[in-house]
Each structure stands twice: as C-alpha cells, then as structure tokens.
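Chain residues, written in single-letter form:
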Amino acid sequence: TRRHRLRTRRRAGTGDNRSVSSAPLAGAVRLPDGVWVRGRGLRRPLPAGDLPDYGLYLGGSALRKRHEPSLTWPHDWVFWRDGLLPKDWGLTARRLLDLHERARAGQAVEIACHGGLGRTGTALASLATLSGLSSRAAVRWTRDHYHRRAVEMPWQRLYVSWFARHVAGKRAEK
C-alpha cells in the first residue's frame, strides 16, 4: 500500500552500507575509498550516539543562524543556498578535502545541509570521486549508498564533474 511504501522509504543520512561496529557515527556511509562520512539533514534531530569530531555545513545565513548554537563541536560553513551551487567552488573543494583528510585520520565527520539530499548528496558524490570514480559513477554510487534522491538538481552534477576534474583528478596525478 502507499502508506507502507512511505513508511519504509530510506531517509537521508541512513546509509545502507554501514556496519554498526565500525561506523564512527550513526548513519555514516563508507565511501568507496573506505573513509566514513555521515551525511544528514539539519532539519531532523541529531542522531543518537557519538557527536562528530568535525562537521561541514552547507547553507546560507538563515540556516547558519538557526543551527549554529546547537553545533558544539568544531565545524565550518560553506555558503551554499538550497537548490543551487556553492558560492565559492574552490573554498568548498578545500573544505571537502579537509573533511576527507580528517575522516581518513580517524575522526568522526559529518556533512549536512537543511534537507540532507541536494547539497549534502553533491558533497558526498564529490568525495566519492576521490577514490577514482567518474562523476557519473560517483552520483550513482551516492544514490545507491546514501539516498536515492541525492544530488537533486542537474546543475549539482555539474559541481561533481568540476570537482572530479579539477580536484580529484589533480590529486590523483600527484
């Protein structure tokens, strides 16, 4: 029935490939390179369990004003309005790389926007390109392992492609 389908749909931030014994945060997904990252929507309550060691939050000034007081752990914000692309692509890429390095070093990290799908999905797909996936494969991986509606807008796929070429590609050459 329709009611049953609605009740059983996966919610953003409830990755289906996590292992309770090894995920540092509830709802974290394991990226193709083995790094754990939790994606979530700030509009939902903080998941039970450990707090993040670091968070990267994607939003405008209203989202920041609303949620800043509750974020008591080290974190950064990237100005990225809902349904659009980040204002500063280079800064966003540097912050994503910093988050990835923190996760690789064993810190519990999370990425979040308001809903946890478009901006957060775009960021997770960008991180997935660091393992060598193409941008198209990274979007598909994110939709399979994080949320089926991740990377909502066509132009968000453009950012994933840019990140794969200009950041992940250059990193792989080193």
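Residues numbered from 1 in each chain as written. Predicted model: local features only at pLDDT ≥ 70, side-chain atom pairs only at ≥ 80, totals over all residues. Heavy atoms only, no water.

### Some details on the pairing of strand β5 (residues 109–113)
Stated precisely, the cut-off is as follows: Categorising residues by exposure relies on relative accessible area from a 1.4 Å probe, with only protein chains included: less than 20% of the type maximum marks a residue as buried, more than 50% marks it as exposed, and the intermediate range marks it as partly exposed. Secondary structure is summarised from DSSP: a helix means a run of H or I of at least four residues, a strand means a run of E of at least two, and numbering begins at the N terminus for each. DSSP bridges decide pairing: two strands pair if at least two such bridges lie between them.
Within β5, five of the five residues are buried, leaving the element largely enclosed by the surrounding structure. Residue alternation in β5 divides its side chains into two sets, Val109, Ile111 and Cys113 and Glu110 and Ala112, and both sets are buried. Bridging between strand β2 (residues 36–41) and β5 involves four bridges; their strand directions are parallel. Looking at the pairing, arginine 38 lines up with glutamate 110 of β5. The pairing of strand β3 (residues 54–59) with β5 spans four bridges and is classified as parallel. In the strand pairing of β5, leucine 56 is matched with isoleucine 111.

### A closer look at the sheet that holds strand β1 (residues 28–30)
Here is the rule we go by: Between the N-to-C directions of two axes lies an angle of 0 to 180 degrees, each axis being a line fitted to C-alpha atoms and, for a helix, fitted only over the stretch in contact. Only heavy atoms matter for contacts: two residues are in contact if any of them lie within 4.5 Å across the pair.
Taking strand neighbours across the sheet as the criterion, the five strands line up as β1-β2-β5-β3-β4 in an open arrangement whose pairing is mixed. At either end of the open sheet lies a strand with only one pairing partner, and these are β1 and β4 (75–79). Neighbouring strand axes in the sheet, compared pairwise and without regard to direction, differ in orientation by 25° on average. Where β3 and β4 come together, five bridges link them in parallel fashion. Its bridge partner lying in β4, tyrosine 57 is registered against tryptophan 77. Relative to the sheet, helix α4 (residues 118–128) contacts β2, β3 and β5, its axis offset from that of β5 by approximately 140°.

So yeah, pure geometry; function would need other evidence.
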